[in-house]
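Fold and contact review
Spelled out from the first residue to the last, the chains are:
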Amino acid sequence: MKTKFLLGIFLIALGLRPAASASAQDLGAQFKKIKDGIFLYKGKGSESNCAIILTEDGVVLIDSGNSPTDSVAVMQALKRLTDKPVRFLINTEPHADHTTGHFVFSPPAVIVAAAGAGDSMRKAYDAERVKKMMADPEIGPAAKGYRQIVPHVEYQDKMTLASGERAFQLFYLKNVHSEADSAIWLPKERVLFAAASVGVKRFNNLRPFVSIPDTLAAIKMMRALGPEVVIPGHGEPGSVEILDNMERYYNLLLERVRQMVQQGKSLQEIKKELKMPEYADWEGKDRFPNNIEAAYRAVKAN
Ligand SMILES: [Zn+2]
């Protein structure tokens, strides 16, 4: 006991720390410990989240941070947690705020995403944006060596990935946010990464292909897994309440839009008249009109 204590003092005096001894607070203000060996780098404000999951056979990352500065902060943190390499990097979605930092981890990380993620990334590649990023005094230094790295493995529908003692179940989420969204479920740890299918007190950007009924089906599927912790693509982690709140909002929105359609109102009239005071404290109000459009498409379809 005493020798162990003295050895500890000795290592600290040398500035050495045994691997995995760093606490979330030691890692920096953005880090939260979710469970043993599972750390979240919570995006600043509403920026994207990134998770570090330690396994016996190496690190598994979920997304790579909002921008290269975040990716570098994650890389520095994981070096304090383990000396094992990043083995897999699983993408919740292909958008730049989840994938630009891939080059920081890969190689050696093998990047895994739902089918269509690579095509989506290649199509969205914007040389001007990259030029701006490299010239940015804050992001530029971290972006040094940037190149776009698309997923090495794409799966259809479902996939199970194993690393050491942990299993990761990937589920393709259809039409919830991007062209290739994945929920990631750790069944033993009961931790669910819900991607951008749900927001936290925030209206999601519902692009023309996004379907509210498909999103409600995804929420139902994810809740049936029985998660203890739910980690959205953006925003604070929480419980299954994150899923419940989003479901309640979409159901109420559908109900109100349906009533107005039944009253013979046009989409333009609905957009002008519909108010949802229950959600006055939600962010992203500029997206409310496209939420109404999505609800209108759903009501008209059946
Ligand atoms: Zn996105």
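Higher on the page you've got the structure.
My aim in this report is to walk through the structure given alongside it, one point at a time. What you see is a predicted model; the values in this text were computed from it and never measured.

Below, the discussion takes up helix α10 (residues 241–262). The α-helix advances 3.6 residues per turn, and as a result positions three or four apart in sequence lie on the same side. Along its 22 residues, α10 runs 31 Å from first to last C-alpha, staying within 8% of the 32 Å computed at 1.5 Å per residue. Taken as a whole, α10 has its buried residues at Ile242, Leu243, Met246, Glu247, Tyr249, Tyr250, Leu253, Leu254, Val257, Met260 and Val261. Angularly, the buried residues of α10 cover 165° about the axis, an arc narrow enough to put them on a single face. Among the exposed residues of α10, those oriented more than 90 degrees off its buried face are Glu241, Arg248 and Gln262. Contact partners of the buried residues in α10: β11 (191–195), α9 (212–224), β12 (229–232), α11 (267–273) and α12 (288–301). Following α10 by one or two positions, glycine 264 has its phi on the positive side, about 85°.

Our focus in this paragraph is the coordination of the zinc ion. In this structure, Glu93 (OE), His95 (ND1) and His177 (NE2) serve as the protein donors to the zinc ion, at separations of 2.1 to 2.2 Å. Mapping the donors of the zinc ion onto the primary sequence yields the spacing E-x1-H-x81-H. You can see histidine 95 sitting in the loop between β5 (86–90) and α4 (96–99) and its partner histidine 177 sitting in the loop between β9 (166–173) and β10 (181–186), a full 82 residues away along the chain. Histidine 95 gets classed as buried once you look at its relative accessible area, which sits at 19%.

Another point: the pairing of strand β8 (residues 158–163). Here β8 pairs with β9 via six bridges, running antiparallel. Residue methionine 159 lies in a different strand from β9, and its bridge partner there is leucine 170.

Another aspect to go through is the sheet that holds β12. The strand order across the open sheet built from five strands is β8-β9-β10-β11-β12, with neighbouring strands paired in mixed fashion. Taken across any chain shown, the strands that pair with only one partner, and hence form the sheet edges, are β8 and β12. Sheet twist, expressed as the average angle between the axes of neighbouring strands with direction ignored, equals 20°. With five bridges connecting them, β9 and β10 associate as antiparallel partners. Bridged to glutamine 169 within β10 is tryptophan 185. α9 contacts β9, β10 and β11 of the sheet and is inclined by roughly 160° relative to β9.

Taken in spatial order, the seven strands of this open sheet run β1-β2-β3-β4-β5-β6-β7, and their pairing is mixed. Sheet topology places β1 (31–35) and β7 (153–155) at the edges, where each strand pairs with a single neighbour. Direction aside, neighbouring strands of the sheet carry axes that sit 20° apart on average. Where strand β6 (residues 110–114) lies against β7, three bridges are found, and the strand directions are parallel. Within the sheet, the bridge partner assigned to valine 112 lies in β7 and is valine 153.

The rules we used
- Residues numbered from 1 in each chain as written.
- Predicted model: local features only at pLDDT ≥ 70, side-chain atom pairs only at ≥ 80, totals over all residues.
- Heavy atoms only, no water.
- Helix = DSSP H or I, 4+ residues; strand = E, 2+ residues; numbered from the N terminus.
- Expected span 1.5 Å × (residues − 1).
- Buried < 20%, exposed > 50% of the residue type's maximum accessible area, 1.4 Å probe, protein only.
- Arc of directions from axis to C-beta.
- Contact = heavy atoms within 4.5 Å.
- Donors = N, O, S within 2.8 Å, 3.2 Å for Na, K, Ca; no water.
- Pairing = 2+ DSSP bridges.
- Axes fitted to C-alpha atoms, helices over the stretch in contact; angles between N-to-C directions.

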